[in-house]
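Results of the structural survey
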Amino acid sequence: MTHPAFTIHPVTPTLGAEIRGIDLSQPLDAAADALAAALDRHLVLVFRGQTLSDADLVRVSGHFGPLDKAPITEHGRLHAPGFEEVYVISNVTERGRPIGALGAGESVWHADMTYLETPPYASSLYALEVPEEGGDTGFISMFAAYDALPEGLKRRIDGLSIKHDSTTNSGGYLRQGFAPPTDLATSPGTVHPLVIAHPVSGRKALLLGRRPHACIPGLPLAESEALLDALWAAAVRPELSWHHRWRVGDLVMWDNRWTMHRRDPFPEDQRRRMHRTQIAVPAEGRRPTGA
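Given the structure is predicted, the values throughout are model-derived calculations rather than measurements.

Rules behind the numbers
- Residues numbered from 1 in each chain as written.
- Predicted model: local features only at pLDDT ≥ 70, side-chain atom pairs only at ≥ 80, totals over all residues.
- Heavy atoms only, no water.
- Helix = DSSP H or I, 4+ residues; strand = E, 2+ residues; numbered from the N terminus.
- Buried < 20%, exposed > 50% of the residue type's maximum accessible area, 1.4 Å probe, protein only.
- Contact = heavy atoms within 4.5 Å.
- Areas by Shrake-Rupley, 256 points an atom, 1.4 Å probe, with all protein chains shown as cover.
- 1 Å grid on protein atoms, 1.4 Å probe; cavity = no way out; pocket = protein on both sides within 12 Å on 5 of 7 lines; lining within 4 Å.
- Points joined across faces, edges and corners; volume = space filled by probe spheres on them.
- Nonpolar A, V, L, I, M, F, W, Y, C, P; charged D, E, K, R; others polar.
- Expected span 1.5 Å × (residues − 1).
- Pairing = 2+ DSSP bridges.
- Axes fitted to C-alpha atoms, helices over the stretch in contact; angles between N-to-C directions.
- Core = buried A, V, L, I, M, F, W, Y, C linked by side-chain atoms within 4.5 Å.
- Salt bridge = Lys/Arg side-chain N within 4 Å of Asp/Glu carboxyl O.
- Polar contact = N/O pair within 3.5 Å; in protein donor to acceptor, adjacent residues only side chain to side chain.

**With respect to the overall build of the protein**
Looking only at helices and strands, one finds 5 helices and 20 strands in the protein. Across the 291 residues in the protein, those meeting the buried criterion constitute 51%. Taking contacts inside the protein between residues at least 6 apart in sequence as the whole, the part at least 24 apart equals 76%. Carbon and sulfur atoms provide 53% of the accessible area of the protein, an area that totals close to 13,000 Å².

Rendered as structure tokens:
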């Protein structure tokens, strides 16, 4: 597919496209709406060979919606100097203190912050330093994950909800002000439908969030655990995923509503440094174009 400002090159049938021919350090102008439509369609966009400042990253991401501030982590709010919207993700330690968050985290499948009533719309992740091996980021379309479920499992989850735990973050660390959950039936979290539908196409998708401490309200705990285990086993099969191999200068943007992601392991002695923005759903809502 082509556009006057760029070309779109799908990487798998279910999700992902590389966007070529555009320099994101320059004003997007009319290309912004076309890129938003491409994100709606392909769920993950890859821009290779970019040279971006933090101001560029904020400007580009801001075309898609309002930006959240970097979250407060176990080490405080780790954002780029002068840019509270730019979350530093790194395993690097300087003067005995981490310069970023999630150094060894995010190695399991998850969607971001689904414990909120309205989870984030999308994220942008820009590579400044990458390990020589490992550290790839995998993505799964939750439309494809639902489609791949056995029919009996689809019928079993029809109409059910899932409670998304709010006590820990995606790296497995306890959030400030929370205690470790001891009873999943009463622990803090937000309940969402287990199956959601795209507002335009009506196509169904799973909304799993994260596996730890999740539960299905109304079911005995043992039954909830067994059903969620079956769903996760069916949804995160390797043949449904695509993994992006990072290069310095890559910007990857993904739609958090309809995907899950994870980072592959990498050697602890190799540096990894990324800058990320998180995009909230616009107050008026971004008009979906289909799925």
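From this point on, the discussion continues.
**Thoughts on the layout of surface pockets**
Approximately 280 Å³ is the volume attributed to the second largest pocket. P119, I196, L207, R257 and W258 are, among the 15 residues lining the second largest pocket, the residues nearest its centre. When its residues are assigned to classes, the lining of the second largest pocket shows 9 nonpolar, 4 polar and 2 charged.

**Let's talk about helix α5 (residues 221–235)**
Helix length check: α5, at 15 residues, gives a terminal C-alpha distance of 21 Å against a target of 21 Å (1.5 Å per residue), a fit within 8%. Packing partners of the buried residues in α5 comprise β12 (137–141), α3 (142–147), α4 (151–157), β13 (161–165), β16 (204–206) and β19 (259–263).

**As for the sheet that holds β12**
The strand order across the open sheet formed by 3 strands is β17-β12-β19, and the pairing between neighbours is antiparallel. On the outer flanks of this sheet lie β17 (241–244) and β19, each paired with one strand and no other. Taking each pair of neighbouring strands and ignoring which way they run, the sheet shows an average axis angle of 25°. As paired elements, β12 and β17 share 4 bridges and run antiparallel to each other.

**Here we look at the nonpolar core**
Membership of the largest hydrophobic core comes to 43 residues, with the highest contact counts inside it found for L206, L208 and L231. With 6 residues, α5 is the largest single contributor of residues to this core. Beyond its immediate sequence surroundings of up to four residues, L206 is in contact with M142, A145, Y146, L149, I157, L194, V195, L231 and A235. In terms of nonpolar packing, the next biggest core, distinct from the first, is built from 30 residues, L28, A38, Y121 and A122 among them.

**Points about the pairing of strand β2 (residues 6–10)**
Examined bridge by bridge, β2 and strand β3 (residues 17–20) share 4 bridges and lie antiparallel to one another. Residue pairing in the sheet places H9 in a bridge with E18 of β3.

**So, unusual backbone geometry**
Even without being a glycine, D29 presents a positive backbone phi close to 50°. With respect to the helices, strands and loops of the structure, D29 is situated in the loop between β3 and α1 (31–42). With phi around 70°, H213 is a residue other than glycine that occupies positive phi space. On the accessibility criterion, H213 (29% relative accessible area) is partly exposed.

**Things to note about the pattern of salt bridges**
Opposite charge on two side chains allows them to pair when their charged atoms are near. By the definition in use, this model includes 17 salt bridges. A salt bridge links D250 to R48; its shortest N-O distance comes to 2.7 Å. Taken together, the residues D250 in the loop between β17 and β18 (251–255) and R48 in the loop between β4 (44–47) and α2 (54–62) connect sequence positions 202 residues apart. Judged by relative accessible area, which is 23%, R48 ranks as partly exposed. D264 serves as the salt-bridge partner of R262, at 3.4 Å between the closest nitrogen and oxygen. Bridged by salt links that share partners, the residues D40, D255 and R257 form one connected network.

**A word on the environment of R245**
Inspection of the secondary structure puts R245 in the loop between β17 and β18. Here the alpha-carbon distance between R245 and G134, two residues 111 residues apart in the chain, equals 8.1 Å. With residues near it in sequence (within four places) discarded, R245 still touches R48, P131, E132, E133, G134, D136 and D250. Only 3.5 Å separates the side chain of R245 from the backbone oxygen of P131, close enough to count as a polar contact. A polar atom in the side chain of R245 sits 2.6 Å from the backbone oxygen of E132.

**Details of empty space enclosed by the protein**
Throughout the structure, instances matching the rule amount to 3 cavities of 30 Å³ or more. In this structure, the second largest cavity spans a volume of roughly 50 Å³. Considering the residues around the second largest cavity, the lining is formed by T114, Y115, H164, D165, G209, R210 and P212. Class assignment of the residues belonging to the lining of the second largest cavity gives a composition of 2 nonpolar, 3 polar and 2 charged.

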